[in-house]
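Residues per chain, in single letters:
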Amino acid sequence: MVILRLAAPLFFANAASFVGAVKASVGAAGTPVHHVVIDLESVTDADVTAAEAMTGLRDWLAARDIQLAFSRPREHLLPRFRRLGIISAEPVFATNRDAADALSTGAAPSATGEPSA
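Residues numbered from 1 in each chain as written. Predicted model: local features only at pLDDT ≥ 70, side-chain atom pairs only at ≥ 80, totals over all residues. Heavy atoms only, no water.

Student: Got a minute to help me understand unusual backbone geometry in this structure?
Tutor: Glycine aside, the phi torsion of most residues is negative, and most peptide linkages are trans. In this structure, Asp65 takes a positive phi of about 60° despite not being glycine. Positive phi, normally seen in glycine, also occurs at Arg72, with a value near 50°. Within the element layout of this structure, Arg72 appears in the loop between β3 (67-71) and α3 (78-84). A residue is classified by how much of its surface remains accessible, and Arg72, at 27% relative accessible area, is partly exposed. (Helix = DSSP H or I, 4+ residues; strand = E, 2+ residues; numbered from the N terminus. Buried < 20%, exposed > 50% of the residue type's maximum accessible area, 1.4 Å probe, protein only.)

Student: Before we go on, may I ask you to explain the pattern of salt bridges in this structure?
Tutor: Pairing of side chains with opposite charge becomes possible as their charged atoms draw close. The tally for this structure, following the rule as stated, stands at 5 salt bridges. In this structure, Glu90 and Arg58 form a salt bridge, with 2.4 Å as the shortest nitrogen-oxygen distance. With Glu90 in the loop between α3 and β4 (92-93) and Arg58 in helix α2 (residues 48-63), this pair connects stretches of sequence that are 32 residues apart. Arg58 carries the same exposure label as Glu90, and that label is buried. A single salt-bridge network, built from bridges that share partners, covers Arg5, Asp39, Glu41 and Arg72. (Salt bridge = Lys/Arg side-chain N within 4 Å of Asp/Glu carboxyl O.)

Student: What's the story with the sheet that holds β3 in this structure? I'm lost.
Tutor: The pairing of strands in a sheet comes from backbone hydrogen bonds and takes either a parallel or an antiparallel form. In space, the 4 strands of this open sheet follow the order β1-β2-β3-β4, with parallel pairing throughout. The open sheet has two edge strands, β1 (2-5) and β4, and neither has a second partner. Where helix α1 (residues 15-28) meets the sheet, it contacts β1 and β2 (35-39), and its direction lies at approximately 155° from that of β1. Along the sheet, helix α4 (residues 96-105) contacts β1, β2, β3 and β4; its crossing angle with β2, the most-contacted strand, is approximately 170°. (Pairing = 2+ DSSP bridges. Contact = heavy atoms within 4.5 Å. Axes fitted to C-alpha atoms, helices over the stretch in contact; angles between N-to-C directions.)

Put into structure tokens, the structure is as follows:
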């Protein structure tokens, strides 16, 4: 499992760099990666370019049989992230620990787009 935190808004100026960082982290992992969790706590906004980048990342991860999940989103941004397609059917967790616990035990996480505790 790889958990990454983006410490800025996700937008045209950094979307490609962030996707590259995710891919590099997966490639550098010493063991096979089955889950990537993106910590959204510091993400204060996102744009269409970010949504396009996330679609590409989602496809790249799926081709490698890696599940995408999200943690710690700002509640007021969830509708925007869903509308843009940044979060679609992926599970969303209230904390990184919740994500790690649920995903490492194989528990079926909630895919509602609402943080599960």
